[in-house]
Amino acid sequence: FPTVILVVLSAASFAGIILFLVSMNHLSRYYNAPEIFKNVLYGFILTIIAGVSFIIIQFAFLSNIMANLTYGGATGLNNALFAQLIFAFLAIFAVSYVISIITAVLYWRALTTLSEKSGIEGFKTAGLLYLLGAVLTIVLIGALLIWIAWILLAIAFNSLKAPVETQGY
């Protein structure tokens with residue numbers, strides 16, 4: 001049952017990110033600022049590549065450790081295997097931390113440009129809060145800041161005005 005909830009939440013998150021990409025593409029075209037969409041797209045691609053790579057790396061490390069536990073004659077988690085496990089965890093954490101900051105910088109750049117083009121300061125605030133959240137995930141307050149950034153981003157999107165169409169008489 002928890003796996004079903006995880007799959008549903010993951011699918012909803014993925015759909016939200018796709019809608020975010022589509023909206024940034026449209027806004028990039030509307031404001032004639034291709035760097036808006038490019039930054040967001042590069043951040044998204046980096047996140048996808050990093051996620052797939054980390055799954056492969058985790059599987060490789062954990063399968064190696066499990067093979068040593070079951071076939072190596074070890075009866076428990078000895079010091080060498082424990083050190084490998086800790087090293088793998090720290091390496092994956094460090095690389096994912098750096099990639100999350102790079103992604104946050106790309107999103108921040110896109111949102112700052114969008115703020116300048118649209119005149120809505122909420123985009124710049126959301127981008128900065130997202131960047132601060134990515135940096136502060138190491139002290140566990142970052143996830144809350146990123147969540148607040150997405151809320152502010154939704155409010156900023158809601159503040160956009162539709163273009164006024166003029167009709168010729």
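Keep in mind that this is a model prediction, so the values were computed, not measured. (Residues numbered from 1 in each chain as written. Predicted model: local features only at pLDDT ≥ 70, side-chain atom pairs only at ≥ 80, totals over all residues. Heavy atoms only, no water.)

Q: Now, about the nonpolar core: what can you tell me, with residues and values included?
A: Membership of the largest hydrophobic core comes to 26 residues, with the highest contact counts inside it found for Met 24, Ile 36, Val 40, Leu 114, Phe 123, Tyr 130 and Leu 153. Broken down by secondary-structure element, the contributors of at least two residues to this core are α1 (2-30), α2 (34-71), α3 (79-118), α4 (121-135) and α5 (142-159). Counting residues per element, this core draws most heavily on α4, which supplies six residues. Residues within four places of Ile 36 in sequence aside, it is in contact with Met 24, Ser 28, Ala 110, Thr 113 and Leu 114. (Core = buried A, V, L, I, M, F, W, Y, C linked by side-chain atoms within 4.5 Å. Buried < 20%, exposed > 50% of the residue type's maximum accessible area, 1.4 Å probe, protein only. Helix = DSSP H or I, 4+ residues; strand = E, 2+ residues; numbered from the N terminus. Contact = heavy atoms within 4.5 Å.)

Q: Can you tell me about the packing of aromatic side chains, naming the residues and giving the values?
A: Across all of its chains, the model carries ten aromatic pairs by this definition. Seen from their ring centres, Phe 93 and Tyr 97 are 6.3 Å apart, and the 15° between their planes marks the pair as stacked. Within this pair, Phe 93 and its partner Tyr 97 are both found in helix α3, separated by four residues, close to a single helical turn. Phe 93 sits in the partly exposed class, given a relative accessible area of 37%. Taken together, a centroid distance of 6.0 Å and an interplanar angle of 90° make the contact between Tyr 130 and Trp 150 edge-to-face. In this pair, Tyr 130 is assigned in helix α4 and Trp 150 in helix α5, connecting sequence segments 20 residues apart. Among the residues examined, Tyr 130 registers a relative accessible area of 16% and is labelled buried. (Phe/Tyr/Trp six-rings, centres within 6.5 Å; stacked < 30°, edge-to-face > 60°.)

Q: Mind laying out the side chain of Asn 39, listing which residues take part and the relevant values?
A: Along the chain, the position of Asn 39 falls in helix α2. Relative accessible area serves as the criterion here: at 8%, Asn 39 is assigned to the buried category. Within the local environment of Asn 39, its side chain forms a polar contact with the backbone oxygen of Glu 35, the two atoms lying 3.0 Å apart. If we skip the residues at most four places from it in the chain, Asn 39 touches Leu 106, Arg 109 and Ala 110. (Polar contact = N/O pair within 3.5 Å; in protein donor to acceptor, adjacent residues only side chain to side chain.)

Q: Before we move on, can you summarise the packing of α3 against α4 with the specific residues and values?
A: For any two helices packed against each other, the geometry comes down to the angle between their axes and how far apart the axes lie. Two elements in contact, α3 and α4, have axes whose closest approach is 7 Å; the angle formed by their N-to-C orientations is 170°. In this view, α3 runs roughly antiparallel relative to α4, as classed from their interaxial angle. Between α3, through Tyr 97, Ser 100, Ile 101, Ala 104, Val 105, Tyr 107, Trp 108, Leu 111, Thr 112, Leu 114, Ser 115 and Ser 118, and α4, the contact on the second element is made entirely by Glu 121, Phe 123, Lys 124, Ala 126, Gly 127, Leu 128, Tyr 130, Leu 131, Ala 134 and Val 135. Residues of the contact of α3 with α4, tallied by class, amount to 15 nonpolar, five polar and two charged. (Axes fitted to C-alpha atoms, helices over the stretch in contact; angles between N-to-C directions. Parallel < 35°, antiparallel > 145°, perpendicular 65-115°, else oblique. Nonpolar A, V, L, I, M, F, W, Y, C, P; charged D, E, K, R; others polar.)

Q: Residue-level account of the environment of Lys 117, with values.
A: The residue Lys 117 is located in helix α3 in this model. Classification of Lys 117 by relative accessible area gives partly exposed; the value is 42%. Residues Lys 117 and Leu 27 lie 90 residues apart in sequence; the distance between their C-alpha atoms is 9.6 Å. If we ignore the near neighbours within four places in the chain, the residues touching Lys 117 are Tyr 31 and Ala 33.

Q: How would you explain the side chain of Ser 115 if you had to name every residue and give the values?
A: Mapped onto the elements, Ser 115 comes out in helix α3. Residue Ser 115 is classed as buried on the basis of its relative accessible area, which comes to 2%. For Ser 115, the contacting residues outside a window of four places in its chain are Ile 120, Glu 121, Phe 123 and Lys 124.

The values are spatial; any link to function lies outside them.
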